Amino acid sequence: MLLRLLSFFSVAAVVGALFVVFAWPVALLVLSGMNAVGCIGFAIVRQLKIAGFAGVTSILIMATLFFTDWGLSSLHPVVRVAWPYLIAACAAELTTVLFYLLSPLPSPLSPLP
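Only a predicted model underlies this, so the values are computations on that prediction, with no experimental measurement involved. (Residues numbered from 1 in each chain as written. Predicted model: local features only at pLDDT ≥ 70, side-chain atom pairs only at ≥ 80, totals over all residues. Heavy atoms only, no water.)

1. Description of a nonpolar patch on the surface
Among the surface-exposed residues, Val-20, Val-21, Phe-22 and Val-26 lie close enough to one another that they form a single nonpolar patch of about 380 Å² accessible area. Mapped onto the secondary structure, Phe-22 falls in the loop between helix H1 (2–21) and helix H2 (24–44). Classification of Phe-22 as partly exposed rests on a relative accessible area of 36%. (Patch = residues over 30% accessible without salt bridge, like charges linked within 9 Å, V, L, I, M, F, W, Y side chains within 5 Å. Areas by Shrake-Rupley, 256 points an atom, 1.4 Å probe, with all protein chains shown as cover. Salt bridge = Lys/Arg side-chain N within 4 Å of Asp/Glu carboxyl O. Helix = DSSP H or I, 4+ residues; strand = E, 2+ residues; numbered from the N terminus. Buried < 20%, exposed > 50% of the residue type's maximum accessible area, 1.4 Å probe, protein only.)

2. A word on the nonpolar core
Listed in full, the ten residues of the largest apolar core are Leu-18, Ala-27, Leu-28, Leu-31, Leu-60, Ile-61, Leu-65, Leu-86, Ala-89 and Ala-92. Elements represented by at least two residues in this core include exactly H2, helix H3 (48–67) and helix H4 (83–102). For Ala-27, the residues in contact, after removing those within four places along its chain, are Leu-18, Phe-19 and Phe-22. (Core = buried A, V, L, I, M, F, W, Y, C linked by side-chain atoms within 4.5 Å. Contact = heavy atoms within 4.5 Å.)

3. Regarding the side chain of Thr-64
Looking at where Thr-64 falls in the secondary structure, it is placed in helix H3. Given the relative accessible area of 0%, Thr-64 is considered buried. Among the polar contacts made by the side chain of Thr-64, one reaches the main-chain amide nitrogen of Leu-86 at a distance of 3.2 Å. When residues no more than four places from it in sequence are discounted, the contact partners of Thr-64 are Leu-28, Val-81, Ala-82, Tyr-85 and Leu-86. (Polar contact = N/O pair within 3.5 Å; in protein donor to acceptor, adjacent residues only side chain to side chain.)

4. Quick look at unusual backbone geometry
At Arg-46, a position not held by glycine, the phi torsion is positive, near 60 degrees. Looking at where Arg-46 falls in the secondary structure, it is placed in the loop between H2 and H3. The exposed category is assigned to Arg-46, whose relative accessible area is 52%.

Here it is, written out as structure tokens:
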């Protein structure tokens, strides 16, 4: 459990660092890509529930970026974030992390199921 808690804090540090280093649209794009890679990785090790949530999170983040009104056609551009998609993406990301933390650890000696 300590290893999972350490991995949770490292994931939180990486996500936090993304938003510190990049502007928020780029950070969301990178986070969506990381979730897509995580979806593939969890599917390979047959953690299908976690893979599904990671895939849904990736799609919701991309929907947030796609449906955000960037205000480019107005005289004074104002960005209007697509909050319903962003809130759903945050909930899905939290669910993905919680499912990972609460799933049983596979034995290192057992083959993949």
